[in-house]
Amino acid sequence: MAPKLPIYMDHNATTPVDPRVLEAMLPYFTEKFGNAASRNHEFGWEAEDGVKLARKQVGELIGADPKEIIWTSGSTESNNLAIKGVADMYKDKGRHIITAVHEHKATLDPCKRLAKMGYDVTWLEPRPDGLIYADQVAEAIREDTILVTIMWANNELGTINELPEIGKVCKEKGVLLHTDATQAVGKIPVDVNAAGVDLLSGSAHKIYGPKGAGFLYVRRRKPRVRLTPIIDGGGHERGMRSGTLNVTGIVGLGKACELCRLEMVEESTRLSGLRDRLEKGITRQLEHAVVNGHPDRRLPQTTNISFPYVEGESMMMAIKEIAVSSGSACTSASLEPSYVLKALGLGDEIAHSSIRFGLGRITTEEEVDYTIDKVVTAVKKLLDLSPLYEMVLEGIDINAIEWGAH
Amino acid sequence: MAYSEKVLSHYEKPRNVGSLDKDAKNVGTGIVGAPECGDVMKLQIQVDDATGKIIDAKFKTFGCGSAIASSSLATEWIKGRTIDEAMAIKNTEIVQELSLPPVKIHCSVLAEDAIKSAIHDYQEKNGLDHDHAETSEHTQA
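Okay, the overall build of chain B next. Within chain B, the regular secondary structure consists of six helices and three strands. Along chain B, helices (α) and strands (β) appear in the sequence α-β-β-β-α-α-α-α-α when read from the amino end. Taking 14 Å as the expected radius of gyration for a compact globule of 141 residues, we find that chain B reaches 14 Å, a close match to that expectation. In chain B, the share of contacts with a sequence separation of at least 24, taken over all contacts with a separation of at least 6, comes to 64%.

Here it is in structure tokens:
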């Protein structure tokens, strides 16, 4: 039976709000509308109770104390606060920061701004499997290093960097570790203590919560991490992030975390099964298709597949009833090939023709089978149209050709 | 990105996909673009030596929907035309016919280049003077 179209296979970009999350949020729009900072009446207390529960729910998911959760508008803000906040607070200690070239733009851009302001940034290159390893971090740490910021799982590949080993290295050297765990939280076990993480960014809308709500975990003990705020005004959130709390969003984020914690084992088993079915179904029928990134160290519901000799945009057009991503959603308006895939050493022509499939809570087996069929048909059609594939069949090495400039 | 109906029609049912014998004397082959730019077009023409008319044209394209549509349209247009007439086709006509947005104009440029490149190949193979062909293009323009 054909599934209902269009099919959503882009859960790394965003997710629908789980109806149970929405249900938890609704009373906070209308009945429990108080300001969580109003300490002297029932309305404020009610709102604060909702926020308090959410702190506990988030803390439980990532192994943190509720007091260590700072509410933000999402991971972009969390990353900015962590990176710029640490850089400013510890600037007398040193001005060296370590990150990686294939981080999300929400990490790259704050680091670039700091570099412009006179900080020294080391940009680590991933190994061909897409991972950053602890030995690379250890080698890059210097006397004046104040922060390492390496994401937990990569948004385009789903690959999982070498945590907790990176955390161990940072602890040994006494350097703070921030991790953008936007893609990891809720999908795989995340424990800030086991991983030796000092700051961790997370977002509600990637885990079936609402958009506009996120958090930054900031370690309070061993060591006590301090931050210079980037938003002043009232001293909310231990002075690190002022502004009236987005109570509905926070309640939703909390509920979303609780559901992920309770259902993670079952859900990740189901989704990795579907993901493997998708991968096998495609690669079995298309001999040139290649799965990018480490085969095992990756998120259960993500796969990034390259279709050599086929161009990505025409591919997306051929499967337009299936929502997928070619490059990250933040950059897919540009015609540049993905910088993440290029960082793996993939040629431009392959980076141009890679697709990220992000499965999620609403994905069904019927949808996966339909997707396999559509993708295989589309690629076969485009291979018939491809002059590059024709050359390969004739035994011509397309990398040896001197192509004209355009 | 929204595609025009004509782009979609060519993309879904590309005209004249395939290859001609590139070693045949009356076949000209043009390959333009580069994989790292995301576009490669191969366009071939088969010419009737007696009349100088293009009797067949085929293409294969690695590229976006607009690139596929531009080359498909190009083969449709040049079939039945003389070499001089085909030489006169301008990329702006392709832009107009397919309603290409500004970011896709390079696809039409590539299609025009592919036509010219195929004609040059044919002329070179047959010892024809292609400076002459270009001159006649300018007088016609």
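The next point concerns the overall build of chain A. Counting its regular elements, chain A contains 13 helices and 12 strands. In terms of overall size, chain A behaves like a compact globule, its C-alpha atoms giving a radius of gyration of 22 Å where 406 residues would be expected to give roughly 22 Å. C-alpha atoms of chain A, sized along the principal axes, occupy 75 × 55 × 35 Å. Counting only residues that meet the buried cut, chain A has 51% of its 406 residues in that class. Counting only contacts in chain A whose residues sit at least 6 apart along the sequence, the fraction spanning at least 24 positions is 74%.

The two faces of the sheet receive side chains in turn, since in a regular strand these alternate between them. Residue and element names in this part refer to chain A. Burial analysis of strand E12 (residues 354-358) places five of its five residues in the buried class, which makes it a mostly covered element. Judged by which residues are buried, E12 turns out to be covered on both faces: Ser354, Arg356 and Gly358 on one side and Ile355 and Phe357 on the other are all buried. As paired strands, strand E10 (residues 302-306) and E12 are joined by five bridges and run antiparallel to one another. Within the sheet, the bridge partner assigned to Ile305 lies in E12 and is Ile355.

Moving on: the sheet that holds E10 of chain A. Working definition: the strands of a sheet are paired by backbone hydrogen bonds and lie parallel or antiparallel to each other. All names here are of chain A. Strands sit in the order E9-E10-E12 across an open sheet of three strands; the sheet is antiparallel. The strands lining the two open edges of the sheet, one partner per strand, are strand E9 (290-291) and E12. As judged from the two bridges shared by E9 and E10, these two strands associate in the antiparallel manner. Opposite Val291, over in E10, you have Ile305 as the bridge partner.

All names here are of chain B. One can describe the packing of helix H2 (residues 65-78) onto helix H5 (residues 105-125) by two numbers: an axis separation of 9 Å at closest approach and a directional angle of 40°. The two elements H2 and H5 meet at a crossing, and its hand is right-handed. Packed against H2, whose contacting residues are Ser66, Ala67, Ser70, Ser71, Ala74 and Ile78, the element H5 presents Cys107, Ser108, Leu110, Ala111, Ala114 and Ile115 at the interface. Of the residues in the contact of H2 with H5, the class split is eight nonpolar, four polar and no charged.

The interface of chain A with chain B comprises 19 residues on the first partner and 21 residues on the second. Those elements that provide at least two residues to the side of chain A that touches chain B are helix H9 (312-318), helix H11 (348-351), helix H12 (365-385) and helix H13 (387-393) of chain A. Considered class by class, the residues forming the side of chain A that touches chain B number eight nonpolar, five polar and six charged.

Cut-offs and rules
Residues numbered from 1 in each chain as written. Chains lettered and ligands numbered in written order. Predicted model: local features only at pLDDT ≥ 70, side-chain atom pairs only at ≥ 80, totals over all residues. Helix = DSSP H or I, 4+ residues; strand = E, 2+ residues; numbered from the N terminus. Rg over C-alpha atoms; globule rule 2.2 N^0.38 Å. Contact = placed C-beta atoms within 7 Å. Buried ≥ 20, exposed ≤ 12 C-beta atoms within 10 Å, placed from the backbone. Pairing = 2+ DSSP bridges. Axes fitted to C-alpha atoms, helices over the stretch in contact; angles between N-to-C directions. Left-handed = near helix turned anticlockwise from the far one by under 90°. Nonpolar A, V, L, I, M, F, W, Y, C, P; charged D, E, K, R; others polar.

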